[in-house]
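An overview of the molecular structure
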Amino acid sequence: MGLQKLTSQEQTDALAALKDWSLVDGREAIKRTLVFKDFNAAFGFMTRVALYADKADHHPEWFNVYNRVEITLATHDVQGLSIRDIALAKFINEIYVQ
Ligand code: HBI
């Protein structure tokens, strides 16, 4: 019983606890957009997430323009959401101090 896909109830519960994240329309994925004071701050944040992601072997899908970072999380291996996405989202919420 390796990595499991979250049930819809588990998704609902996880999103309620995560707050600022929302479901992507038409895809089992969650998203959040973060704004920073400048590019340097945004890229420093991305660097911290990148190090976590590589250690966790779980990587975000993200887009950055200047001080904005748009993040989408999903688990490709299960074609949906897994606890790894929730853990990464929690880490992101914790280090995104504005
Ligand atoms: N990142 N978001 C995400 N989803 C995955 O399924 C995933 C990953 N990073 C690495 C990874 N899977 C590896 O376990 C597989 O590519 C082997």
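Structure report, in brief.

Rules behind the numbers
- Residues numbered from 1 in each chain as written.
- Predicted model: local features only at pLDDT ≥ 70, side-chain atom pairs only at ≥ 80, totals over all residues.
- Heavy atoms only, no water.
- Helix = DSSP H or I, 4+ residues; strand = E, 2+ residues; numbered from the N terminus.
- Rg over C-alpha atoms; globule rule 2.2 N^0.38 Å.
- Buried < 20%, exposed > 50% of the residue type's maximum accessible area, 1.4 Å probe, protein only.
- Contact = heavy atoms within 4.5 Å.
- Phe/Tyr/Trp six-rings, centres within 6.5 Å; stacked < 30°, edge-to-face > 60°.
- Expected span 1.5 Å × (residues − 1).
- Arc of directions from axis to C-beta.
- Polar contact = N/O pair within 3.5 Å; in protein donor to acceptor, adjacent residues only side chain to side chain.

**Points about the overall build of the protein chain**
Counting its secondary structure elements, the protein chain contains three helices and four strands. In sequence order, the protein chain lays out its α and β elements as α-β-β-α-β-β-α. For 98 residues, the compact-globule formula gives about 13 Å, and the C-alpha radius of gyration of the protein chain, at 13 Å, lands near that figure. Once the C-alpha set of the protein chain is aligned to its principal axes, its extents read approximately 40 × 25 × 20 Å. Counting over 98 residues, the protein chain shows a buried share of 38%. Counting only contacts in the protein chain whose residues sit at least 6 apart along the sequence, the fraction spanning at least 24 positions is 63%.

**With respect to the packing of aromatic side chains**
For the coordinates displayed, the defined rule picks out five aromatic pairs. A ring pair is formed by Phe45 and Tyr96, whose centres lie 6.5 Å apart and whose planes are at 75°; its orientation type is edge-to-face. Of this pair, Phe45 sits in helix H2 (residues 39-56) while Tyr96 sits in the segment after helix H3 (83-95), and the two are 51 residues apart along the sequence. The same class applies to Phe45 and to Tyr96, which are both buried.

**Focus on unusual backbone geometry**
Glycine aside, the phi torsion of most residues is negative, and most peptide linkages are trans. Positive phi, normally seen in glycine, also occurs at Asp57, with a value near 55°. Relative to the helices and strands, Asp57 resides in the loop between H2 and strand E3 (61-65). For Tyr66, which is not glycine, the phi torsion reads 50° and is therefore positive. In this structure, Tyr66 sits in the loop between E3 and strand E4 (68-73).

**Structural notes on H2**
End to end, H2 covers 25 Å across 18 residues, agreeing with the expected 26 Å (1.5 Å per residue, within 8%). Turning to H2, its buried residues number three or more, namely Ala42, Phe45, Met46, Val49 and Ala53. One side of H2 carries all its buried residues, which in axial view fall inside an arc of 100°. Across from the buried face of H2, at angles greater than 90 degrees, the exposed residues are Asn40, Leu51, Asp54 and Lys55. Looking at the packing, one finds that the buried side of H2 touches strand E2 (30-35), E3, E4 and H3. A side-chain oxygen of the first residue of H2 lies 3.2 Å from the backbone nitrogen of Asn40; this N-cap is Asp38. Just beyond H2, the residue with positive phi is Asp57, at close to 55°.

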